[in-house]
Amino acid sequence: MTEIDTATIRREIVVQAPIERAFAVFTERFGDFKPREHNLLASPIAETVFEPRVGGNIVDRAEDGSECRWARILAFDPPDRVVFSWDISPQWRIETDPEQTSEVEVRFVAEGPDRTRLELEHRHIDRHGPGWESVAEGIGGDQGWPLYLSRFAGLLPAA
């Protein structure tokens, strides 16, 4: 399911995993499902690190040792939700002004002991300023959140 309105993208997926496992896979293995081709660095990505705490970051580390911090962890509430900023501008460069960034909330909802629904909401996309629609199109399109969630689901049994 996808919904695109003026400034919010919503996606959800159901996986056959307990809520704690789904949350752990999302946060601990973020680099295993984030597409390596989504790269703002000059060198190929060696790893993507999700720092599991408020004040942490999501960081791409390149093979040449350079780093790109493209998100800040705003809320970390295992196993129920995580919120992080999206610090990437409409020009697909790092945005250093927090007032011009959007945010992503990911909620994990137990549908049973071994079944979890992940609800992703990427909101306030219009904060990116002129050209924000291209951000919405990019993250809402097939190579955006649908690709991330499909790869995330591939790390767990299908529901």
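Please refer to the structure placed before this passage.
Quick caveat: nothing in here was measured; it's all calculated off a predicted structure.

Peer 1: Explain the overall build of the chain to me, please; I cannot follow it from the model alone.
Peer 2: On a plain count of helices and strands, the chain comes out with 4 helices and 8 strands. Along the chain, from the amino end to the carboxyl end, the secondary structure elements read β-β-α-α-β-β-β-β-β-β-α-α. Computed over C-alpha atoms, the radius of gyration of the chain comes to 15 Å, within 12% of the 15 Å expected from 2.2 N^0.38 for 159 residues, which places it in the range of a compact globule. Principal axes of the C-alpha set define a box for the chain whose edges measure 45 × 40 × 30 Å. When each of the 159 residues of the chain is scored for burial, the buried share is 49%. In the chain, 51% of the contacts between residues at least 6 apart in sequence involve partners at least 24 apart. Entry remark: accessible area of the chain is about 7,500 Å², with carbon and sulfur atoms responsible for 48%. Charge centroids of the chain, computed over 18 positive and 29 negative side chains, lie 2 Å from each other.

Reading guide: rules and limits
Residues numbered from 1 in each chain as written. Predicted model: local features only at pLDDT ≥ 70, side-chain atom pairs only at ≥ 80, totals over all residues. Heavy atoms only, no water. Helix = DSSP H or I, 4+ residues; strand = E, 2+ residues; numbered from the N terminus. Rg over C-alpha atoms; globule rule 2.2 N^0.38 Å. Buried < 20%, exposed > 50% of the residue type's maximum accessible area, 1.4 Å probe, protein only. Contact = heavy atoms within 4.5 Å. Areas by Shrake-Rupley, 256 points an atom, 1.4 Å probe, with all protein chains shown as cover. Lys, Arg positive; Asp, Glu negative; His and termini not counted. Charge placed at Lys NZ, Arg CZ, Asp CG, Glu CD.

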